[in-house]
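A structural walkthrough
For reference, the chains in residue letters:
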Number of protein chains: 2
Amino acid sequence: MRTLEKATHQQTRAYNSQLVLRTVYDRSTVSRSDIARATGLTRTSVSDLVAELIGSGLVEEVGRGPSTGGKAPILLQVAPRAREVIGVDLDGEAFTGLRVDLRGRVLHAAERSLAGADGRHALGLVLDLLDELTRSSPAPLLGNGIGTPGVIEATTGTVRWAANLDWADLPLGRLVAERYETPVNVGNDSQAAALAEYTFGAAPRPDNLVVVKIGQGIGAGIILGGRLYQGDGFGAGEIGHTTVVEAGEPCRCGGLGCLETVASMRAIVGRARHLAQHHSGSALAVDPASIDEARVVAAFDERDQLATMVVEDAARQLGRALAALVGTLNVRQIRIVGSITRFGDRWLEIVRREVREHALSLIAGDTVVTFGRSGEEIVALGAAALLMTRELGLSLAR
Amino acid sequence: MRTLEKATHQQTRAYNSQLVLRTVYDRSTVSRSDIARATGLTRTSVSDLVAELIGSGLVEEVGRGPSTGGKAPILLQVAPRAREVIGVDLDGEAFTGLRVDLRGRVLHAAERSLAGADGRHALGLVLDLLDELTRSSPAPLLGNGIGTPGVIEATTGTVRWAANLDWADLPLGRLVAERYETPVNVGNDSQAAALAEYTFGAAPRPDNLVVVKIGQGIGAGIILGGRLYQGDGFGAGEIGHTTVVEAGEPCRCGGLGCLETVASMRAIVGRARHLAQHHSGSALAVDPASIDEARVVAAFDERDQLATMVVEDAARQLGRALAALVGTLNVRQIRIVGSITRFGDRWLEIVRREVREHALSLIAGDTVVTFGRSGEEIVALGAAALLMTRELGLSLAR
């Protein structure tokens, strides 16, 4: 059992050092006595650990606080730009990246249009994006966090499979680590999104949270007990490739009738295009070949019959799949992020109804399905947060 | 974050005490120096903690070991009957219970036939069973562990819902605690089964394990990171009540077309009975009203056409539901327990094929679905194990 591993002195020291760093990070400024009170550690231990953190540049002294009788105490803070972190998002039509400080404040943002590129060319764009972000500041870099669709071998940073980029067994983590000589963390984009939503979402944080990201593809990130759960092969949350229609449409993964083929934005746009050719009553019937996400969203908002049918079908399929997830995990907070949220509350209400009707009522009745609260930077921030958690034991928080 | 709670001295002491107890428990006999080496604790700390454990009767001195130069060391062991634990299983046609020592050795077994009883009468049988087990030995009792189908509020031991027993919001934990004045733990039977399978299954133990229990009902127990995952409402693993057939057969839960209505032993027997009336070519057509589990198993083994169709249909539905679970959790080890295992490898092969064909191949290809290795006592032992883990921090292990 994990809880019964050796409680050696070194482990206790490393644990306590992270505890002190976190205590400073969670408050704007704090004295050594405050830390001792908050952690239960002795003054001597706190002084030792703080000295070490000051030595590494992570913590700095910032003057004196108000005296409470004796000598006014020296105040400490985490030096926000002691380290900077890069986070990039490899989903969608463009790669986007951020360089942030230890508070998640954006110092530099960059983007590279994918324009249909995949394979080696897409890899070139990633490196080009990282080059810009790396050069954008002289401050010490903690590392590069990368969020990408697909199944990632997180230990080595190898992308086992990413359909949209035509990558298979690409050693992305190793390539990036060698180029920049700095730590790298490659993670699944939905998993990164879940971590960001958990970190930057409204307080109080739930123990458990599932974030479902729906855009071109569908994936979930699962937070259990306050930590990202990645599964035995780092593929936890790959719900987009569960079969929901027997002998259905072919999927990018090679399967048939996967959830992605009926409930993703890609599926909705594709189906609208297909049906619009035979449905003269719909606004979408004018120039069906040019139907894109924006046109379907607009038609759905105007209660166009064809758009309504296609989008509601997709919502039903998603709701049924989420019911299975809710029945399995009994996680009460489910948040939806990604471009699908453009369909708004009419779409969401159908998803909620299907979840209620397709899982045990005692469990489904306690489940709350909402839109996530994070913005478009969610994956890039989550990727940076994953890197920061791994390297410093800190949860990136503003 | 959980990892950042206060690392106080008391916590360290309690942690180290459990560590010492576990170290003694995991070896047949051990000296104080062995413990110090194995744990990294100082000799002084070990002596203090051992003295405390001897005082509580949990650990005892058992003579001297071989000398390695100096004085022969005193050997310690966990006194197996220092405490005894009761575990009961409230699933099936009869309630069964065990009184075991701290090694899980059965000291006394008892049973009460349910004979269709439910509600208050079923509760009376539980107490009668516990009375017999409580009286069966004068040794100090650590507590009562109860495993029951349904959704349990594990903190209070309240059964929120158990269809087969017609219980709703029954404060079983409180009733039992008051009657016997000893700790009690009420848990879901599939969750208890998972813990027992994890504990008594073959080494090496996987980090993550899902045990699916299929008899009259269907439920799963989920072990993540070596610990039982129960979900926000203790309902994790309630996969039996996810809808798999739209507008399908009515289910005990009030829903329609739940997995239980198509893939459980109850569903198989019911469907065989129904179809046998119109299927004169089958051995089951002789006296359809008397069809039971044993007759269906025998007919399936003899490759009876009707039995084969019914059982294979059920296997397909289960496999598809497990594909969704595998896609969500990416847990590589799935073990099936319960009376369904009587259908053997022909049934299992279909389940495996459906899992492979209905989840992302990269994930499904790594997944191993097998029958569990534990016997009929799995739920009662698991219930005892849950109690023991909660009270002593020990994982019941032989």
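Keep in mind that this is a model prediction, so the values were computed, not measured.

A closer look at the relation of the copies chain A and chain B
Overlaying chain A on chain B yields an RMSD of 0.1 Å, the required transformation being a rotation through 180 degrees with an accompanying axial translation of 0.0 Å. Seen this way, the second copy is the image of the first under a two-fold rotation axis. Both copies share a contact surface, since 98% of the interface residues of chain A are interface residues in chain B too.

Observations concerning the nonpolar core
Note that soluble globular proteins tend to have their nonpolar side chains buried in a common cluster. Core analysis: the largest hydrophobic core is formed by 106 residues, its most contacted members being Trp347 of chain A together with Ile336 and Trp347 of chain B. At 12 residues, helix H10 (residues 305-329) of chain B tops the list of elements feeding residues into this core. Membership of the second largest hydrophobic core comes to 46 residues, among which are Leu58, Val59, Leu228 and Leu381 of chain A.

Digging into the pattern of salt bridges
Residue and element names in this part refer to chain A. On inspection of all chains with the given rule, the structure shows 50 salt bridges over all chains. A salt bridge links arginine 320 to glutamate 354, with the nearest nitrogen and oxygen atoms 3.0 Å apart. Separated by 34 residues along the polypeptide, arginine 320 in helix H10 (residues 305-329) and glutamate 354 in helix H11 (residues 344-358) bring together distant segments of the chain. The partly exposed category is assigned to arginine 320, whose relative accessible area is 27%. On the basis of relative accessible area, glutamate 354 is assigned to the buried category, the value being 3%.

Structural notes on the sheet that holds strand S5 (residues 94-100) of chain A
All names here are of chain A. The sheet built from five strands is open, its strands ordered S6-S5-S4-S7-S11 with mixed pairing. Strand pairing shows two members of the sheet lacking a second neighbour, strand S6 (106-113) and strand S11 (184-188), which therefore form its edges. Here the average twist between neighbouring strands, direction ignored, is 15 degrees. Where S5 lies against S6, seven bridges are found, and the strand directions are antiparallel. Bridge pairing in S6 places glycine 97 opposite alanine 110. In the packing of helix H4 (residues 119-135) onto the sheet, the strands contacted are strand S4 (84-89), S5, S6 and strand S7 (141-148), and the crossing angle to S6 comes to about 155 degrees. This element, helix H13 (residues 378-392), spans S4, S5, S7 and S11 of the sheet and lies at about 135 degrees to S4.

Observations regarding the side chain of serine 31 of chain A
Along the chain, the position of serine 31 of chain A falls in strand S1 (residues 30-31). Contact partners of serine 31 of chain A, with chain neighbours within four places excluded, come to Pro73, Ile74 and Leu75 of chain A.

Structural notes on the packing of aromatic side chains
If you walk through the whole model with that rule in mind, you get four aromatic pairs over all chains. Seen in terms of ring centroids, tryptophan 347 of chain A and phenylalanine 371 of chain A are 6.1 Å apart; in terms of plane orientation they differ by 10 degrees. Their pairing is stacked. Highlighted residues: tryptophan 347 of chain A in helix H11 and phenylalanine 371 of chain A in strand S16 (residues 368-371), separated in sequence by 24 residues. The cationic tip of arginine 103 of chain B hangs over the ring face of tyrosine 25 of chain B; the distance from NZ or CZ to the ring centre is 3.9 Å. Its end group placed over the ring of phenylalanine 300 of chain B, arginine 346 of chain B keeps NZ or CZ at 3.9 Å from the ring centre.

Digging into the state of the cysteines
Inspection of every chain in the model, using the stated rule, returns zero disulfides over all chains. Here cysteine 258 of chain A stays unpaired: no disulfide links it, and the sulfur of cysteine 253 of chain A, its closest cysteine neighbor, is 3.6 Å away. We note that cysteine 251 of chain B lacks a disulfide partner, and the nearest cysteine sulfur, in cysteine 258 of chain B, lies 3.8 Å from it.

Notes on the interface of chain A and chain B
Taken together, the contact pairs 65 residues of chain A with 65 residues of chain B. Contact between chain A and chain B buries roughly 5,200 Å² in total, counting both sides, with carbon and sulfur atoms accounting for 54%. Counting the contacts that link chain A with chain B gives 28 residue pairs in polar contact (both at pLDDT 80 or more). Looking at the side of chain A that touches chain B, the elements that each hand over two or more residues are helix H1 (9-26), helix H2 (32-39), strand S9 (158-162), strand S13 (218-224), strand S14 (227-229), H10, H11 and helix H12 (361-364) of chain A. For the side of chain A that touches chain B, the element with the highest residue contribution is H10 of chain A, accounting for seven residues. Looking at side-chain class alone, the side of chain A that touches chain B contains 25 nonpolar, 25 polar and 15 charged residues.

Criteria and cut-off values
- Residues numbered from 1 in each chain as written.
- Chains lettered and ligands numbered in written order.
- Predicted model: local features only at pLDDT ≥ 70, side-chain atom pairs only at ≥ 80, totals over all residues.
- Heavy atoms only, no water.
- Least-squares fit on C-alpha atoms with pLDDT ≥ 70 in both.
- Contact = heavy atoms within 4.5 Å.
- Core = buried A, V, L, I, M, F, W, Y, C linked by side-chain atoms within 4.5 Å.
- Buried < 20%, exposed > 50% of the residue type's maximum accessible area, 1.4 Å probe, protein only.
- Helix = DSSP H or I, 4+ residues; strand = E, 2+ residues; numbered from the N terminus.
- Salt bridge = Lys/Arg side-chain N within 4 Å of Asp/Glu carboxyl O.
- Pairing = 2+ DSSP bridges.
- Axes fitted to C-alpha atoms, helices over the stretch in contact; angles between N-to-C directions.
- Phe/Tyr/Trp six-rings, centres within 6.5 Å; stacked < 30°, edge-to-face > 60°.
- Lys NZ or Arg CZ within 6 Å of the ring centre and 35° of its normal.
- Disulfide = S-S within 2.5 Å.
- Buried area = accessible area lost by both parts, 1.4 Å probe.
- Polar contact = N/O pair within 3.5 Å; in protein donor to acceptor, adjacent residues only side chain to side chain.
- Nonpolar A, V, L, I, M, F, W, Y, C, P; charged D, E, K, R; others polar.

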